[in-house]
Structures are given as C-alpha cells and as structure tokens.
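The lines below spell out each chain.
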Amino acid sequence: MTTYDERTGLGDLAATVERVHRSVEGVIEGKPEVVRLALTVLLAEGHLLIEDVPGVGKTMLAKALARSMDCSVRRIQFTPDLLPSDITGVSIFDQQRRDFEFKPGAIFAQIVIGDEINRASPKTQSALLESMEERQVTMDGQTHELPSPFMVVATQNPVEMEGTYPLPEAQRDRFMARVSIGYPSPAAELQMLDVHGGASPLDGLRPVVHADEIVKLIDAVRTVHVAEAVRRYAVDLVAATRSHAELRLGASPRATLHLVRAAKAAAALAGREFALPDDVQSLAVPVLAHRLLPTAQAQLSRRTAEQIVLEILHRTPVPEPSAPQWRAGVRGQQPPGARGL
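Structural notes, computed from the coordinates. (Residues numbered from 1 in each chain as written. Predicted model: local features only at pLDDT ≥ 70, side-chain atom pairs only at ≥ 80, totals over all residues. Heavy atoms only, no water.)

### Topic: the pattern of salt bridges
The final tally for this structure, using the stated rule, is 16 salt bridges. Put simply, Glu51 and Arg178 hold a salt bridge, and the shortest N to O gap is 3.8 Å. Of this pair, Glu51 sits in strand β1 (residues 48–51) while Arg178 sits in strand β10 (residues 177–179), and the two are 127 residues apart along the sequence. Each member of the pair Glu51 and Arg178 is classed as buried. Across the pair Arg75 and Asp115 runs a salt bridge whose closest N-O atoms are separated by 2.5 Å. Placement of the pair is Arg75 in strand β3 (residues 73–77) and Asp115 in strand β6 (residues 111–115), with a sequence separation of 40 residues. Relative accessible area serves as the criterion here: at 41%, Arg75 is assigned to the partly exposed category. Through salt bridges that share partners, Glu133, Asp173, Arg254 and Arg291 make up one connected network. (Salt bridge = Lys/Arg side-chain N within 4 Å of Asp/Glu carboxyl O. Helix = DSSP H or I, 4+ residues; strand = E, 2+ residues; numbered from the N terminus. Buried < 20%, exposed > 50% of the residue type's maximum accessible area, 1.4 Å probe, protein only.)

Right, dumping it as structure tokens:
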C-alpha cells in the first residue's frame, strides 16, 4: 500500500494529482489556475463554488473533475420547485415492515454537482448546510453518514441575473473557495472549437485515480506542517476583514480554518511538507472574498470584495522568510532557533 507521509511520498502525491489535472485540462482549455484551485479544495476537504456568467464552462469543469476520479457522482439541477427532501432524502412508510424506511437523496455521493444552486429558494439551498459542514444527514432523529471523500461542487450565475436568489451567508461560508472561470483567450477558444466541435470531450473522459487514493492524499495533506508565524499571518488577514471600514460583514473563524487547510493542500501540491506565507497569500482572495459583504458606500464606489482583500494583503505585514522557521516541527524535529514556533 502506498503511503504519503514520508518526504518522497509528497512527490507521489503531486504526480497523482497531476494526472487528474491533465485529465480535467483536456476538457477545460486555457484555465490551469482554475483547475489547480479545484484540486486544492478537494485535497483540503472543502467545497467549491464556481460563479460566472452562462456558457463559460462552469458545469463542464465540475463534471470533468468528477469523471476524472473513480468516485460516486450525483448531479442536482437546482430549480425553483426543488424541495429540500429531493436533496437530503425522505422517510417512506413500508407497508410490509410496518415501519418508516429512509430513502437517500442526491446528496449521498462522493462528488455532488449542484448546478445553478442559486436558482432554488433559500429554503432548499439550506438543505445542504448540515451535509457540507458535518458530512452527515439527520432525518427523523436518525443520523446518516455521507461517503468519503465528500465534495460539493456548486455552480451559480451572478445574482443580478433574472430568476436567481442570493446564497445565504451561512451557505457561502461553507464553501471553502469561490472561483470565476472567465472568458477563454482567443487561442483557447479556437482550440475549443476543434475539440468540442464534433463531440463532447467528456464522453471520452475516464477515471485516472481511485476514491481510496483520494482519501490517502487527503490524509497526507493533514500532516503538512504550518508554523505558528504562518498561522498568525492567516489570523491577521481574517481579523483585518472584521475591522475594515468598507465591510459590514467580515470573515468568520471558519474562514481562518479553511484558509490554513487550503494552504496546507497548496504546499502538498508543490511537494513541500510545510506551508509558507506565499501559500496563504495565493489563496486569500478565493477563500475570503465570497464571505465578505461590502458596505453600501463601498458598493456605490464600485469597490469589490476581491479588491478589499487585495488591499488587506498589501497592508498586512508578511512574516520574514526563514526556511528553518517554516520547517520547525516537521516530523517532530525542532531546528536551532525554532523555539516558540
């Protein structure tokens, strides 16, 4: 059995994830940073929110990621008439057994694709809250565990579009990161015409990694060391959102946890067994921006949450670079001068 907890194992982790990366990139041309973020969220045990205008490949990205892994996949098309029980499941009375039997809903899969999540009412959107946070469903007093790995990949259109409902704050906070795909470059769009012109590239997509391998990779990410200085840097960034004059709602403690977990996954993807401030910086915007609510004055000034996060990154002091400092505590070793980390 392959293990990933040794130094050489991180190279195996990166190689395994690279196979998934190449598989997804065969469908989504010219967006390697978007694919990498999706894989980072997967390894960090998070959920991904893909927000963009129609037709740029949001659902295609979610499907390509799901089909590249040998995991159970369920797709939920969110519509205004969708009920919470359609997602979580329902208890049906069995005439023969004279008892209620639980029929699992669409959430009982390892990869759940929520297409156009903001087309459904907030009541239906909230059916995902327990599943996304606790990885379980409670129905009629009974708790039903969800499979592992478990990831929700949801797509949504901008809230300004007709027929959409803004996601509740509690719902947005449960997504580890939000990403916008954006329009492709002219070269990528020309390549898309060649690849997608005859048949969908999803038809030929085959799994390149098994579910049990994903579980091992997730376990490996948990062992990545985060020095105290890096953790304090993440806390400072999140705390700055709570006191910023242009924000009426800052990031939650869950956001801090998600930021550190994502940084550990990014370090593992880079073949490192320790996280750097650079990992935190690179993920601050996708992890924090969707949780923030700008004030009315900031909105009138056309200030976005992404711009505010970038400003906070610019203002917050970065820990001084020191390799021994970041490595302190890796496999229980404390290098000289690392006391207190």
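Anyway, onward from the coordinates.
### What to know about the side chain of Gln171
With respect to the helices and strands, Gln171 occurs in helix α7 (residues 169–173). We classify Gln171 as buried; its relative accessible area is 0%.

### Notes on the packing of aromatic side chains
The final tally for this structure, using the stated rule, is one aromatic pair. Judged by centre distance (5.7 Å) and plane angle (65 degrees), the ring pair of Phe102 and Phe108 falls under edge-to-face. No difference in accessibility class separates Phe102 from Phe108, as the two residues are buried. (Phe/Tyr/Trp six-rings, centres within 6.5 Å; stacked < 30°, edge-to-face > 60°.)

### Notes on the nonpolar core
For soluble globular proteins, the rule of thumb is that nonpolar side chains tend to be buried together. Judged by nonpolar contacts, the single largest core of 75 residues is most densely connected at Leu13 and Leu65. With ten residues, helix α11 (residues 253–269) is the largest single contributor of residues to this core. Among the nonpolar cores identified, the runner-up in size contains 24 residues, and Ile76, Ile107, Leu146 and Ala154 belong to it. (Core = buried A, V, L, I, M, F, W, Y, C linked by side-chain atoms within 4.5 Å.)

### Some thoughts on the sheet that holds strand β9 (residues 151–156)
One open sheet holds the five strands; their spatial order is β3-β6-β9-β1-β10, and the pairing between them is parallel. Both outer strands of the open sheet, β3 and β10, are each paired with one neighbouring strand and no more. Neighbouring strand axes in the sheet, compared pairwise and without regard to direction, differ in orientation by 15 degrees on average. In the sheet, β1 pairs with β9 via four bridges, with the strands oriented parallel. (Pairing = 2+ DSSP bridges. Axes fitted to C-alpha atoms, helices over the stretch in contact; angles between N-to-C directions.)

### Focus on the environment of Val230
Mapped onto the elements of the fold, Val230 is located in helix α10 (residues 228–242). Residues Val230 and Val280 lie 50 residues apart in sequence; the distance between their C-alpha atoms is 7.9 Å.

### So, a nonpolar patch on the surface
A cluster of nonpolar side chains, Leu190, Met192 and Leu193, forms an exposed patch at the surface whose accessible area comes to about 290 Å². Assignment of secondary structure puts Met192 in helix α8 (residues 186–196). We classify Met192 as partly exposed; its relative accessible area is 30%. (Patch = residues over 30% accessible without salt bridge, like charges linked within 9 Å, V, L, I, M, F, W, Y side chains within 5 Å. Areas by Shrake-Rupley, 256 points an atom, 1.4 Å probe, with all protein chains shown as cover.)

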